[in-house]
4 protein chains.
Amino acid sequence: MTGPLFLRDSTAMTTPQTLPSPTMPSDAGQQAIPDVQSRTDVRKVAIDRVGVKGIRYPITVATLEGGCETVDATVNMYVSLPPERKGTHMSRFLELLNDFRDGLTPDRMIELSQRIRNTLDAACAHVEMSFSYFIQKRAPATGKAGLMDYKVRMICDASDEGDMFQLGVTAPATSLCPCSKEISAYGAHNQRCLISADVRTNGMVWIEELVELIESAASCPVYSVLKRPDEKVVTEQAYDNPKFVEDIVRDLAHTLDAESRIDWYRIHSENFESIHSHNAYAEVERDKLRDRDGADQ
Amino acid sequence: MTGPLFLRDSTAMTTPQTLPSPTMPSDAGQQAIPDVQSRTDVRKVAIDRVGVKGIRYPITVATLEGGCETVDATVNMYVSLPPERKGTHMSRFLELLNDFRDGLTPDRMIELSQRIRNTLDAACAHVEMSFSYFIQKRAPATGKAGLMDYKVRMICDASDEGDMFQLGVTAPATSLCPCSKEISAYGAHNQRCLISADVRTNGMVWIEELVELIESAASCPVYSVLKRPDEKVVTEQAYDNPKFVEDIVRDLAHTLDAESRIDWYRIHSENFESIHSHNAYAEVERDKLRDRDGADQ
Amino acid sequence: MTGPLFLRDSTAMTTPQTLPSPTMPSDAGQQAIPDVQSRTDVRKVAIDRVGVKGIRYPITVATLEGGCETVDATVNMYVSLPPERKGTHMSRFLELLNDFRDGLTPDRMIELSQRIRNTLDAACAHVEMSFSYFIQKRAPATGKAGLMDYKVRMICDASDEGDMFQLGVTAPATSLCPCSKEISAYGAHNQRCLISADVRTNGMVWIEELVELIESAASCPVYSVLKRPDEKVVTEQAYDNPKFVEDIVRDLAHTLDAESRIDWYRIHSENFESIHSHNAYAEVERDKLRDRDGADQ
Amino acid sequence: MTGPLFLRDSTAMTTPQTLPSPTMPSDAGQQAIPDVQSRTDVRKVAIDRVGVKGIRYPITVATLEGGCETVDATVNMYVSLPPERKGTHMSRFLELLNDFRDGLTPDRMIELSQRIRNTLDAACAHVEMSFSYFIQKRAPATGKAGLMDYKVRMICDASDEGDMFQLGVTAPATSLCPCSKEISAYGAHNQRCLISADVRTNGMVWIEELVELIESAASCPVYSVLKRPDEKVVTEQAYDNPKFVEDIVRDLAHTLDAESRIDWYRIHSENFESIHSHNAYAEVERDKLRDRDGADQ
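Residues numbered from 1 in each chain as written. Chains lettered and ligands numbered in written order. Predicted model: local features only at pLDDT ≥ 70, side-chain atom pairs only at ≥ 80, totals over all residues. Heavy atoms only, no water.

Participant: Looking at this structure, I do not really get the relation of the copies chain B and chain D. What am I missing?
Facilitator: Copy one and copy two of the chain differ by a rotation about an axis and a translation along that axis. Relative to chain D, chain B is turned by 180 degrees and slid 0.0 Å along the rotation axis, the superposed coordinates differing by an RMSD of 0.0 Å. Between the two chains, the operation in question is that of a two-fold axis. The residues that chain B uses at the interface reappear at the interface of chain D in 100% of cases, marking a shared surface. (Least-squares fit on C-alpha atoms with pLDDT ≥ 70 in both. Contact = heavy atoms within 4.5 Å.)

Right, here's the structure in full:
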């Protein structure tokens, strides 16, 4: 079958912008196979991010208590691509990820981003991971232990201009409406909410610490195991501590403003209103460094 | 390029179970193109359901008030396939669906299922549609109007043994915990829940009717627009009407037992507990005809 | 029951940052009900966005052909909140949305955003809508008509600094891998991809136009109804037109660069690789006005 | 505050179906707190399933190779509830789950279901778990290792009538269309598909074994890491092995028919067609024991 030669010609016709690379790649054992991605591109369009998305991968994360926890992460890994290069080499992202299965800390994630950048010869690398993280939590009255799951995000950028690491946590909690409480003869609508904080720091902040900061901003934290004495405590605590979605983000902003290790944050709360089929939402972003620089001038 | 002949040979080699059909299809204008699906299969495996899944399609649904509403449906359409037939003709499902864009009622959905069955020469056809359906609802105190969205499912089976039509509705509502209310000095945890009812009937039951039956089983319905006087009403109504997830499905079962047009139902409620990150769930299924037949014996 | 008075006191104790508003609200018929949201807040935290999220609502959108199409939209509506104000009035968002059910065009969406801003007395309003939009498309050989669904996003910001309107479309398409084609004796892996373009414009760009621009960048468009002669055409067209995910975004960037009505765009493609369980992804963002301003200096 | 007494009265008024239990519960340390769930219900509605849904929990699963793997499971746990009992005790599900964190095998899952049944004094218990499971897989030409993720489901029923355990796996794979290959001069549309098999067995079947059986039914398996020589292999293998969605489920049915440890199966494949925005789907269910019993008669 003479197809391949013919086909290659037809390729050249339909994608005339791609010229054969002057130097063919020389990967060991792959010499006979053309490396299409390494060719030169003449369209003059730089690509901000190109790579692999939606990889599921087990990662081992260090815990505050000195142990480690294996999590089931969803991973995206990208590099920037200069205008003249035809394509990146997707399989190398996966090969590099394999080297970082064990013991992923913020430091190691920066190292992964830098190795991606070097291996793929890119100006910038960008890595995102999200996973459920489990923390043991004791019920407020009986002390019964249960595991709570929190959504965690880690984002890392590596480039000539320096590295950026961002940690994010989403925690479920209880919110109880101050308006409903005040205007009603008894009761108050309350609901599960999801409170999120993404932070950039100048020192190590553990997932466990960020969870605590977030939960302190709610009407009441939620728990995995609650016996009746515990249920009494959380019901009354929420009622004693009513908060609009606005109050939650403001109280959390106050808390993060006071934490000197945090330079930048973006926080939001989404409350799954028990009296509506839509949600209440509020969001605050703050760059403390910029605010301070502005104040200095 | 002599590819096609060569390719046909290689196909035959790799899938020896497929024999050429003795009679080639004669679709107008397609005579030169082989109809692979119509060939004979020798594996002797009947297929319960084969077809197209996840089609998005706008459908016009008749409303209780005599008008109609255009909905954005997700549609699955399947037929059974006897052991000797190689494949079904997927494009015909889509062509038939095109004929039913306007005015989809239960009658018309049965008609669609029967036409699929006939066109594809199948023993059984099975059609599923799900969509959001909007109903205007007035706030309990101020009467302010707003649109509520409900999830609706329609399922139809057509076969020699007769046709089956099943209507399903999922409605959001408020549930308030009787235990939390009773054991606490004040307040009670409450939350949004999703209550579902799927029913088979011996007479027309409108979506609007099923929504009402479902909402009557909750601690309180939810609304789109609530002003402060309304918020006071729903807060107090939920507190006056505490229900476990078990109570919700039992009260709904009672209501559906009393509705003579309904022969069979499966109901469930999922409550997004405001004090946990997991949900409470209860489910009841009942076949009234079978129960009655059993009682008759 | 003397609860309410006691409860109101306990509220004041647990949220000391909230002072009673000097002027009580005077909504008709609500005089006896306190307006908690209108009170003064002393935490000094401005909120970037607060409002309602995840509303499902039917909207009528004008089509290129001069008709209109009812779509099932998911809507988010937010305002900014200054530090001294305790809360926004969530129900007013829904009331305003009700006024815009019929005939939503970009102009009308800007009008909605401005009315939200005025009604809620806010510096900025932000409205997001996303929905499935159906366009009739004919198969390439037989001309059979079918409806294709596209995901559409509309975002509008209204503030003192002017209004911003952004249109986004995500279209499914076929991508065929140039590397797989070139290195293999026959065949080439191909897959469904989702190509997205979000644009800001200086003139009206219709959804239908943006769909066409997007689809021209793929190896081949996808269709709803394909008969065998059509399937032959799309199979061969994709094979004749292989594209990496990088090629798709570059070709789309070229197309959008040449469209003078578009000032800014962010585009990406996600390819659901048929040979992997993860996806290939590429993204380009470009601000033509900024680039031109930079070139002028 | 005298509220609680009053409230208890109002509860009784609004839910007259619930009578106080003659024997109050005597949980240690909870004597003063009423046990609402243990009361008697007079509505005479038995509940098929009631319990907790959507729990996220880390579980350790035994692997074929003799090791173990920590997975991030989503867990649902239900019991049946007789008509006369008011409610179940939700927190006990979570407490029991805590006892099974380490080393979950089919045997242990049956043990968990039985302990739930005993602890909650129920006729039936039903436990469902789903999680991503990672298996190392080598690329077909270079032998490069990568981790593939598979979706796994485990379902267990425990009752007087005996226990049922069901294992399910969903694996991604490549499907290549025989019709497209045969009618086209070159190329053939192919796409990622998700092939699922749920089985009931009379002997231990490992997840790894079920994955292999499933993947053998596709046009070609998918891989995590593929270098160019591997990409050539999988491209050509898929082209040499075209399969309709019907072929995939039939070939898998044949394979499972021949596996004597499997008594019952339900299999399906969903193919994300690269030429459409909808999917092709086929499904087969077979009860070998029933078929054999029928043949014996």
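Participant: When you look at the packing of helix 2 (residues 90–98) of chain A against helix 3 (residues 106–119) of chain A in this model, what are you seeing that I'm missing?
Facilitator: Axes are the key here: two packed helices are described by the angle between their axes and the distance separating the axes. All names here are of chain A. Two numbers describe how helix 2 lies on helix 3: the axes approach to 10 Å, and their chain directions differ by 145 degrees. Seen along the crossing, helix 2 lies across helix 3 with a hand that is right-handed. From helix 2, Arg-92, Phe-93, Leu-96 and Leu-97 reach across to helix 3, where they touch Leu-112, Arg-115, Ile-116 and Thr-119. Classifying every residue of the contact of helix 2 with helix 3 gives 5 nonpolar, 1 polar and 2 charged. (Axes fitted to C-alpha atoms, helices over the stretch in contact; angles between N-to-C directions. Helix = DSSP H or I, 4+ residues; strand = E, 2+ residues; numbered from the N terminus. Left-handed = near helix turned anticlockwise from the far one by under 90°. Nonpolar A, V, L, I, M, F, W, Y, C, P; charged D, E, K, R; others polar.)

Participant: Which parts of the structure should I look at to understand the interface of chain B and chain C?
Facilitator: The figure often quoted for interface size is the accessible area lost as the parts come together. Residue-level contacts link 32 residues of chain B with 32 residues of chain C. Together, the buried faces of chain B and chain C total about 3,000 Å²; carbon and sulfur atoms form 53% of this surface. For the pair chain B and chain C, the interface holds 6 salt bridges. Of the charged contacts in the structure, one is a salt bridge between Arg-228 of chain C and Asp-35 of chain B, with a shortest N-O distance of 3.4 Å. (Buried area = accessible area lost by both parts, 1.4 Å probe. Salt bridge = Lys/Arg side-chain N within 4 Å of Asp/Glu carboxyl O.)

Participant: Sorry, what's going on with the environment of Arg-49 of chain B here?
Facilitator: Examined against the element boundaries, Arg-49 of chain B turns out to sit in strand 3 (residues 47–62). Leaving out residues up to four positions away in the same chain, Arg-49 of chain B has contacts with Tyr-78, Val-79, His-126 and Glu-128 of chain B together with Tyr-281, Ala-282 and Glu-283 of chain D. At 3.4 Å, the side chain of Arg-49 of chain B and the side chain of His-126 of chain B are in polar contact. (Polar contact = N/O pair within 3.5 Å; in protein donor to acceptor, adjacent residues only side chain to side chain.)

Participant: What is the right way to read the packing of aromatic side chains from this model?
Facilitator: The relation between two aromatic rings is expressed through the spacing of the ring centres and the mutual angle of the planes. The final tally for this structure, using the stated rule, is 8 aromatic pairs over all chains. Measuring from centroid to centroid gives 5.3 Å for Tyr-239 of chain A and Tyr-186 of chain B, while their planes differ by 45 degrees, and the two rings are tilted. Here the residue Tyr-239 of chain A occupies a position in helix 6 (residues 228–240), and Tyr-186 of chain B occupies one in the loop between helix 4 (178–183) and strand 8 (190–201), the pair thus bridging two chains. The residues Tyr-239 of chain A and Tyr-186 of chain B share a single accessibility class, namely buried. The residue whose ring lies beneath Lys-181 of chain A is Tyr-239 of chain A, and the NZ or CZ to ring-centre distance is 4.5 Å. (Phe/Tyr/Trp six-rings, centres within 6.5 Å; stacked < 30°, edge-to-face > 60°. Buried < 20%, exposed > 50% of the residue type's maximum accessible area, 1.4 Å probe, protein only. Lys NZ or Arg CZ within 6 Å of the ring centre and 35° of its normal.)

Participant: Please clarify how the interface of chain B and chain D should be interpreted in this entry.
Facilitator: On the side of chain D, 68 residues touch chain B, which itself brings 68 residues to the contact. Together, the buried faces of chain B and chain D total about 5,500 Å²; carbon and sulfur atoms form 55% of this surface. By the criterion of area lost to chain D, the three top residues of chain B are Arg-43, Glu-182 and Arg-250 of chain B, representing 15% of everything that side buries. For the pair chain B and chain D, the interface holds 12 salt bridges.

Participant: Help me understand the relation of the copies chain B and chain C in this model?
Facilitator: Mapping chain B onto chain C calls for a rotation angle of 180 degrees and an axial translation of 0.0 Å; the resulting RMSD is 0.0 Å. Interface overlap between copies: 100% of the residues of chain B at the interface are likewise at the interface in chain C, consistent with a symmetric, same-surface contact.

Participant: Any chance you could explain the pattern of salt bridges here in plain terms?
Facilitator: Two side chains bearing opposite charge may form a pair once their charged atoms approach each other closely. Residue and element names in this part refer to chain A. Under the criterion given, the structure shown has 99 salt bridges over all chains. Its salt-bridge partner being Asp-160, residue Arg-117 comes within 3.4 Å of it at the nearest N-O pair. Of this pair, Arg-117 sits in helix 3 while Asp-160 sits in the loop between strand 6 (145–159) and strand 7 (162–176), and the two are 43 residues apart along the sequence. Here Arg-117 falls in the buried class, since its relative accessible area comes to 16%.

What is shown is where atoms sit, not what they do.
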